[in-house]
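A structural walkthrough
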There are 2 protein chains.
Amino acid sequence: MEEIRRTKSHGDKSRTRRVRISDLAQALGLTKSTVSRALNGYSDIAPTTRARVAKMAAQMGYAPMPYAQAVRTGRVRALGLVLELDAPDRYGPFLADFLGGITQEASLEGWTLTVSSSSSRSEMEATVTRLLQEHKVDGFILPRTQVDDPRAAFLSAKHVPFVMFGRTDHGRPDAGHSWYDIDNAGAMRAAITRLAAMGHRRIAFVGPPASFNFALLRRDGYREGLAQAGLAHDPVLEIMEVAEREEGAEAARRLLDLPDPPSAILYATDATALGAYDVARERGLEIGRDLSLIGYDGIPEARLVTPPLTTFAVDSHHAGARLAALLIAQLRGTDPAELTELVEAPLRAGGSDGPPRTRE
Amino acid sequence: MEEIRRTKSHGDKSRTRRVRISDLAQALGLTKSTVSRALNGYSDIAPTTRARVAKMAAQMGYAPMPYAQAVRTGRVRALGLVLELDAPDRYGPFLADFLGGITQEASLEGWTLTVSSSSSRSEMEATVTRLLQEHKVDGFILPRTQVDDPRAAFLSAKHVPFVMFGRTDHGRPDAGHSWYDIDNAGAMRAAITRLAAMGHRRIAFVGPPASFNFALLRRDGYREGLAQAGLAHDPVLEIMEVAEREEGAEAARRLLDLPDPPSAILYATDATALGAYDVARERGLEIGRDLSLIGYDGIPEARLVTPPLTTFAVDSHHAGARLAALLIAQLRGTDPAELTELVEAPLRAGGSDGPPRTRE
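As annotated in an unreviewed UniProt entry, chain A carries the name LacI family transcriptional regulator and comes from Thioclava dalianensis.

Spelled out as structure tokens, the structure:
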């Protein structure tokens, strides 16, 4: 390949002068062996040294002979991501941060990211198969897991490495799978604790389609929060399968029309919580006084509405970076079962929740 | 490589039974030669046939022998995209649509997309160099051009194929460059025509940093629109270098504090136009009556504010698909100079503009 590339380089000599490990070693004042072990991610090299070597490698334009290395290792050092174009919110406004996190971490380790998209399960399977057959990807990052995730099943059956953003199986995924997740249940428990402390006694929950794993975990957290606060769980206050803003509005209307309506609604996503703002306007209710709201996601619109929505802010850049790191570790040989990580989402208080107007 | 891959396939036989061109030809009822020419994008094969062959190839999991083909053609059939993490708005909410457009078009043609990111010019150059040296990318899509674009200069100097989203050099890029752009000036002219027809005589313009090519083109359109409507161009009504919402608010305050303030403001981006909503609230002005506003981009927040913002809706999916198609055509041998495309952005009327309260 090098030979071929040279003839294709349009007379630009700079692309044919390959930087070698010895050049890096000299520039860094390290031995060639240390540089090589650092570039290959050996754990006996300190992370700070690895980062220093990776940075210099990027600066000097060092690249391993990729095909030779691929033949030796069977790897092309590429992570794969298949975006699902049929996702209800197209990943919202966080995609740039998420991709930035993946690609920065991958780049630091000398890997790249191949992005594809699909708008159906069969297209996803065809795309994944093609990427593997063409040797364009070594393993996959799966965004937004479902309870019973066809992508995880498909990749497992083919023995293709992958890491999931979110768990499967209602939070109890196959022990052999790698995942990074945010503590969905913990966030919802914290929301209920907060609302109960303000004096709310009737708190509703509006959740996404139960096929998404995070939907079940957030509903669990709601129920656990009620139990912890000593509040009864009234099934009439729990509405699932709500994905869009207008569906969120419709859920709010149904809840407010109950004979004994809630004084607060916990929405599992910000996008659907915005629907409650529309209903409050329709009915002349003051949000934060007549009706308290808490969401989850931290989307920009949540800061824009009046009053700003109290929500949980997710760090998408960090999620992307950790998913890349976990997948690369797996591809380098770490047992997938050891590569699991659960983080907390911090609360971002707005003005949308407060003590109920009339305490019962 | 095939040999290697076979030994790595964990006993999964399905991955080693390669689908051949003859299988596709049989399934489609076409000759092998037609299928082969369709897969390689020959122009003597009708686009509908090409699409039908590409779809069947994806369904049946057909993939050309990639390394063999790369050696033959010097191509890895991969498009490159370097996201700039220092972009002010991180590409807003359109990234999923944009990536969906690129990847769907690329997939139809049997290509893939490699995504990287950078947060500085030197990092961008190091990343591009690494992707080329590692043979991971054949050419690049450059999102959001600057007037004097360092990426275009860098890639030109290295003779690396690329296509730009937007033009450079104040709309007169090097004749040898490929680009896709939206008619920025045309949209701004249309906005001024609309406001003038409503009776506005003092119309201000708030534009982005002049280093972005689209900023200059939108300002041109504003000035041309004024001239067409027979309105004088008053430099005090033109404010540039406005990138963020709060800066948009500050510009509105300055304009409204003028001895002879404007009755309408044309913002070159929706994000900055939202700042004018904040100022209207501060000052008790009714948007659409006391102050008319028009934006550009079609971001979701523009629908959310009251009244919804009149703006120009950009089709990011289409932009991504066309950029991919143009770059692939260039990589297959079409003269880059022939690969340029200018499209209109349609107006999406909200309630933010109307006749001025007092006609002068």
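A look at the overall build of chain A
The helix and strand tally for chain A stands at 14 helices and 12 strands. Considering chain A as a whole, with its 360 residues, one finds that 58% of them fall into the buried category. Across chain A, every contact between residues at least 6 apart in sequence was considered, and the portion connecting residues at least 24 apart equals 69%. Here chain A has roughly 14,700 Å² of accessible surface; of this, 51% comes from carbon and sulfur atoms.

Remarks on the pattern of salt bridges
Residue and element names in this part refer to chain B. Scanning all chains against the criterion turns up 44 salt bridges over all chains. Note that R194 and D353 form a salt bridge whose closest N and O atoms lie 2.6 Å from each other. Taken together, the positions of R194 in helix α9 (residues 184–198) and D353 in the segment after β12 (347–348) put the pair 159 residues apart, joining distant regions of the chain. Residue R194 is classed as partly exposed on the basis of its relative accessible area, which comes to 26%. Owing to a relative accessible area of 8%, D353 belongs among the buried residues under this scheme.

Side note on the sheet that holds strand β6 (residues 203–206) of chain B
Residue and element names in this part refer to chain B. Spatially, β7-β6-β8-β9 is the arrangement adopted by the 4 strands of the open sheet, whose pairing is parallel. In this open sheet, the two strands that pair with only one neighbour each are β7 (238–239) and β9 (292–294). Each of β6, β7 and β8 (264–267) is contacted by helix α10 (residues 213–229), which is oriented at about 175 degrees to β6, the strand it contacts most.

Observations concerning the packing of aromatic side chains
Evaluation of the coordinates by the stated rule reveals 10 aromatic pairs over all chains. An aromatic cluster is defined as three or more aromatic residues linked by ring pairs; in this entry it consists of F98, F165 and Y180 of chain A. Sitting over the face of the ring of Y296 of chain B, R218 of chain B holds its NZ or CZ atom 3.8 Å from the ring centroid.

Some words on unusual backbone geometry
With an omega dihedral of -10 degrees, the bond running from T306 of chain A to P307 of chain A counts as a cis peptide bond. Within the fold, P307 of chain A resides in the loop between α13 (301–304) and β10 (311–312). You will see that H135 of chain B, though not glycine, has its phi angle at about 60 degrees, which is positive. Here H135 of chain B is to be found in the loop between α7 (121–133) and β3 (139–142).

Some words on the side chain of T168 of chain A
Residue and element names in this part refer to chain A. One can find T168 in the loop between β4 (162–165) and β5 (178–182). On the basis of relative accessibility, which here comes to 3%, the residue T168 falls in the buried class. If we ignore the near neighbours within four places in the chain, the residues touching T168 are T145, Q146, V147, D149, P173 and N213.

Some thoughts on the packing of helix α3 (residues 32–39) of chain B against helix α4 (residues 47–60) of chain B
Residue and element names in this part refer to chain B. Where α3 meets α4, the axes come as close as 9 Å, and the angle between the chain directions of the two elements is 90 degrees. The angle between α3 and α4 places the two elements in the roughly perpendicular class. Along the contact surface, α3 presents V35, A38 and L39, while α4 presents R50, V53 and A57. Partitioning the contact of α3 with α4 into residue classes produces 5 nonpolar, no polar and 1 charged.

Procedures and definitions
- Residues numbered from 1 in each chain as written.
- Chains lettered and ligands numbered in written order.
- Predicted model: local features only at pLDDT ≥ 70, side-chain atom pairs only at ≥ 80, totals over all residues.
- Heavy atoms only, no water.
- Helix = DSSP H or I, 4+ residues; strand = E, 2+ residues; numbered from the N terminus.
- Buried < 20%, exposed > 50% of the residue type's maximum accessible area, 1.4 Å probe, protein only.
- Contact = heavy atoms within 4.5 Å.
- Areas by Shrake-Rupley, 256 points an atom, 1.4 Å probe, with all protein chains shown as cover.
- Salt bridge = Lys/Arg side-chain N within 4 Å of Asp/Glu carboxyl O.
- Pairing = 2+ DSSP bridges.
- Axes fitted to C-alpha atoms, helices over the stretch in contact; angles between N-to-C directions.
- Phe/Tyr/Trp six-rings, centres within 6.5 Å; stacked < 30°, edge-to-face > 60°.
- Lys NZ or Arg CZ within 6 Å of the ring centre and 35° of its normal.
- Parallel < 35°, antiparallel > 145°, perpendicular 65-115°, else oblique.
- Nonpolar A, V, L, I, M, F, W, Y, C, P; charged D, E, K, R; others polar.

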